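These are the residues of each chain, in order.
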Amino acid sequence: MNSIELIPAIDIINGQCVRLTKGDYDQKTVYHDSPAEVAKQFEAIGFSRLHVVDLDGAKSKHIVNSQVLQDITRETDLAVDFGGGIKTDDDIQTAFNSGAKQVTIGSVAVTQPQLFMSWIDKYGADRLILGADVRNGKISINGWKEDSTENLLPFLKKYVDAGVRNVLCTEISKDGTLAGPAIDLYCRIMDAYPTLHLIASGGVSSIDDITALKKAGIPAVVFGKAIYEGRIDLNELITINSSIKK
C-alpha cells in the first residue's frame, strides 16, 4: 500500500505558532512563541515538508509574516509551502524570495482568475497549490471570512484543465475540531480528478484518521492541532508511514 505524504502545519498570528477552531480568529490557541523552533523540531523528527499559513496575512489581504517564513527556511531544510495574504505579484514574489518552495493560493483563484492563470504561466503549476477551502459546498475566501458563489468541483475543473495538479482542500467545519477528516469529500474530488495531488486538511485527530485517509487513496494530509494537543505520537506516525512505503 502506498504511503500518504505527511505535512505538519504551522499557523502564524503575531509571529506566534497558533491554531484556530473552524477558522474563527476569536477561538485562538497559542502553542509556541517561535514558529522556527517548532519547524526545527518537525525536521528533527523526520518530516521533510511543512505547511505554513500567515493568518495575519489572510485577514489583512497581504503578506504580514514574511520574516517568520525567512526564519523557518533559513534555519531548516524543510520544503515549505506558504499561504495567507498572497494577493499581488509583489506578495507571491515576497513568498518565494523568503524561501517558500511552493505557495498556496485561494482567494485570488476565485476573485482574480486571470492573475492566478498568469502565475501558473510565470512560475509553473508545480510551484502553486490551489487552495480550495470549502464551507457548505462553496469555496470560502479572505481568511474564511467570506463565502463565494463558486461550487467546489466546477471550481477545481477550471484549474485542473489549466494544468493545476496540487490542491489543498480544507473542510472548514472540520478545521481545528479534532472531529475527523471529511473523507467522503476528498473521495469525491479524487473520483472526479484522479490525477490530482490532493492534500486533505481539517479535522485530523489521530493516527487512525491518517490511516483512513491513506486507505481511501488520498495522496497527502496536513495536520496541526492534533500535534499540538498531543493526540498524535509523531515518532510513531513517521515509523508507521515509512514501513508501508512500497
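What counts and how
- Residues numbered from 1 in each chain as written.
- Predicted model: local features only at pLDDT ≥ 70, side-chain atom pairs only at ≥ 80, totals over all residues.
- Heavy atoms only, no water.
- Salt bridge = Lys/Arg side-chain N within 4 Å of Asp/Glu carboxyl O.
- Buried < 20%, exposed > 50% of the residue type's maximum accessible area, 1.4 Å probe, protein only.
- Helix = DSSP H or I, 4+ residues; strand = E, 2+ residues; numbered from the N terminus.
- Polar contact = N/O pair within 3.5 Å; in protein donor to acceptor, adjacent residues only side chain to side chain.
- Contact = heavy atoms within 4.5 Å.
- Axes fitted to C-alpha atoms, helices over the stretch in contact; angles between N-to-C directions.
- Parallel < 35°, antiparallel > 145°, perpendicular 65-115°, else oblique.
- Left-handed = near helix turned anticlockwise from the far one by under 90°.
- Nonpolar A, V, L, I, M, F, W, Y, C, P; charged D, E, K, R; others polar.
- Pairing = 2+ DSSP bridges.
- Right-handed = clockwise from strand over helix to strand, strands pointing away.
- Arc of directions from axis to C-beta.
- Phe/Tyr/Trp six-rings, centres within 6.5 Å; stacked < 30°, edge-to-face > 60°.
- Lys NZ or Arg CZ within 6 Å of the ring centre and 35° of its normal.

Chemist: Honestly, the pattern of salt bridges in this entry has me stumped. Any pointers?
Modeler: Any two side chains of opposite charge can pair, given that their charged atoms come close. Per the stated rule, a full pass over the model turns up nine salt bridges. The partner of Lys157 in a salt bridge is Asp161, with the nearest N and O atoms 2.7 Å apart. Residue Lys157 is classed as partly exposed on the basis of its relative accessible area, which comes to 42%. Counted as one network, the salt bridges with shared partners bring together Glu37, Lys40, Asp71, Arg74 and Glu75.

Chemist: How do you make sense of the side chain of Ser140 when you look at a structure like this?
Modeler: When you line up the elements, Ser140 lands in strand β8 (residues 138-141). One polar contact links Ser140 to Arg135, side chain to side chain, over a distance of 3.1 Å. Apart from the residues lying within four places of it in its own chain, the contact partners of Ser140 are Asp133, Arg135, Lys145, Glu146, Asp147, Ser148 and Ile172.

Chemist: Just to check I follow, could you spell out the environment of Leu128 for this structure?
Modeler: Note that Leu128 resides in strand β7 (residues 128-135). Judged by relative accessible area, which is 2%, Leu128 ranks as buried. For the pair Leu128 and Glu37, spaced 91 residues apart in sequence, the C-alpha separation works out to 26 Å. Residues contacting Leu128, with those up to four places away along its chain left out, are Ile92, Val103, Phe116, Trp119, Ile120 and Asn166.

Chemist: Looking at this structure, I do not really get the packing of helix α4 (residues 89-97) against helix α6 (residues 113-123). What am I missing?
Modeler: Two quantities define a packed helix pair, namely the angle between the axes and the distance from one axis to the other. Here α4 crosses α6 at 40°, and the two axes come no closer than 11 Å. Viewed along their axes, α4 and α6 adopt a mutual orientation that is oblique. Relative to α6, α4 is oriented so that their crossing is right-handed. For the pair α4 and α6, the contacting residues are Asp89, Ile92, Gln93 and Phe96 in the first and Leu115, Trp119, Lys122 and Tyr123 in the second. Class assignment for the residues of the contact of α4 with α6 results in five nonpolar, one polar and two charged.

Chemist: I'm lost on the pairing of strand β5 (residues 79-83) in this one. Help?
Modeler: Two faces, one strand: in a regular strand the side chains alternate between the faces of the sheet. With four of five residues buried, β5 is to be regarded as a mostly interior element. Strand direction decides the pairing type here: strand β4 (residues 49-54) and β5, joined by five bridges, are parallel. Residue Val53 lies in a different strand from β5, and its bridge partner there is Gly83. The pairing of β5 with strand β6 (residues 102-105) spans three bridges and is classified as parallel. Pairing of Phe82 across the sheet is with Val103, part of β6. Following the chain from β5 across α4 to the adjacent parallel β6, one finds a crossover that is right-handed.

Chemist: Quick question: what am I supposed to make of the pairing of β8 here?
Modeler: Note that β7 and β8 share two bridges and pair antiparallel. Its bridge partner lying in β8, Val134 is registered against Ile139. Between β7 and β8, which pair antiparallel in sequence order, lie two residues; one of them, Asn136, sits at a positive phi of approximately 55°. Pairing geometry for β8 and strand β9 (residues 146-151), over three bridges, is antiparallel. In the strand pairing of β9, Ile141 is matched with Glu146.

Chemist: I keep staring at helix α9 (residues 207-215) and nothing clicks. Help me out?
Modeler: For the α-helix, the turn length of 3.6 residues means that residues three or four positions removed from each other point alike. For α9, the set of buried residues is Ile207, Asp209, Ile210, Leu213 and Lys214. Considered in projection along α9, the buried side chains sweep an arc of 160° and stay on one side of the axis. In α9, the exposed positions that point more than 90 degrees away from the buried face belong to Asp208 and Lys215. One or two steps after α9, the chain reaches Gly217, where phi turns positive at roughly 85°.

Chemist: Explain the packing of aromatic side chains to me, please; I cannot follow it from the model alone.
Modeler: The relation between two aromatic rings is expressed through the spacing of the ring centres and the mutual angle of the planes. For the structure on display, the rule yields seven aromatic pairs. Seen in terms of ring centroids, Tyr31 and Tyr228 are 5.0 Å apart; in terms of plane orientation they differ by 20°. Their pairing is stacked. With Tyr31 in strand β3 (residues 24-32) and Tyr228 in helix α10 (residues 225-228), this residue pair connects regions lying 197 residues apart in the sequence. The structure contains a cluster of three or more aromatic residues connected by ring pairs, namely Tyr31, Phe42, Phe47, Phe223 and Tyr228. Directly above the aromatic system of Phe96 lies the positively charged group of Arg127, at a separation of 3.8 Å from the ring centroid.

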